[in-house]
Amino acid sequence: MDRFLCDAMLGKLATYLRMCGYDTAYALDRGVEADDAVQDLAEREGRRLVTRDADLAARTEGAIRLAARDVDGQLRELRAAGVRLTLPATPRRCGRCNGPLGPVSADAETPEDTPDPATTDVWRCERCGGHFWKGSHWDDVRERLP
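Predicted model only: the values in this text are computed from it and were never measured.

Undergrad: Got a sec to walk through the sheet that holds strand β4 (residues 64-65)? Specific residues and values, please.
TA: A sheet is described by the order of its strands in space; here 4 strands give the open sequence β2-β1-β3-β4, paired in parallel fashion. In this open sheet, the two edge strands, each paired with only one partner strand, are β2 (23-26) and β4. One ladder, built from 4 bridges, connects strand β1 (residues 3-6) with β2; its direction is parallel. Bridge assignment links Phe4 to a residue of β2, and that residue is Thr24. Contacts between helix α1 (residues 11-19) and the sheet are confined to β1, β2 and β3 (48-51), with β2 contributing the most and set at about 165° to the helix.

Undergrad: Provide a residue-level description of the packing of aromatic side chains, including the pertinent values.
TA: Inspection of every chain in the model, using the stated rule, returns 1 aromatic pair. On the numbers, 5.2 Å between centres and 75° between planes, the contact of Phe4 with Tyr22 is edge-to-face. Remark: Tyr22 occurs in the loop between α1 and β2 and Phe4 occurs in strand β1; sequence separation between them is 18 residues. According to the relative accessible area criterion, Phe4 is buried, its value standing at 0%. Assessed through its relative accessible area of 7%, Tyr22 is described here as buried.

Quick notes on the rules
Residues numbered from 1 in each chain as written. Predicted model: local features only at pLDDT ≥ 70, side-chain atom pairs only at ≥ 80, totals over all residues. Heavy atoms only, no water. Pairing = 2+ DSSP bridges. Helix = DSSP H or I, 4+ residues; strand = E, 2+ residues; numbered from the N terminus. Contact = heavy atoms within 4.5 Å. Axes fitted to C-alpha atoms, helices over the stretch in contact; angles between N-to-C directions. Phe/Tyr/Trp six-rings, centres within 6.5 Å; stacked < 30°, edge-to-face > 60°. Buried < 20%, exposed > 50% of the residue type's maximum accessible area, 1.4 Å probe, protein only.

Rendered as structure tokens:
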């Protein structure tokens, strides 16, 4: 499966790619914004760069250059570039930090705003500790994917 790096202009798109199960780094999460540093990070980590910057895309092997400013257009362009955009049956990546998700046991304690894991499947990010479940946001993302 592809690994991606979204540049500084594509933070929202990074969340969508993570929800689709892709290991997706976001340049600003790594404190990287300058073109040379973004290109170096993509090459060093073996990630495919996704960018709106035509010059950066032209000099980065395998980069996907997007023209759309809105996430719906960006998702359509990614699909046209051959990126499969579907939500997995079981969530795999944290939408916030890109960490791996693990299932929460039915008897585990969870934050107040999290559904009861005895009645709803819940996953916890192994990196940031966030809790996730297939709620209305999951349904909204599924409807938005081209």
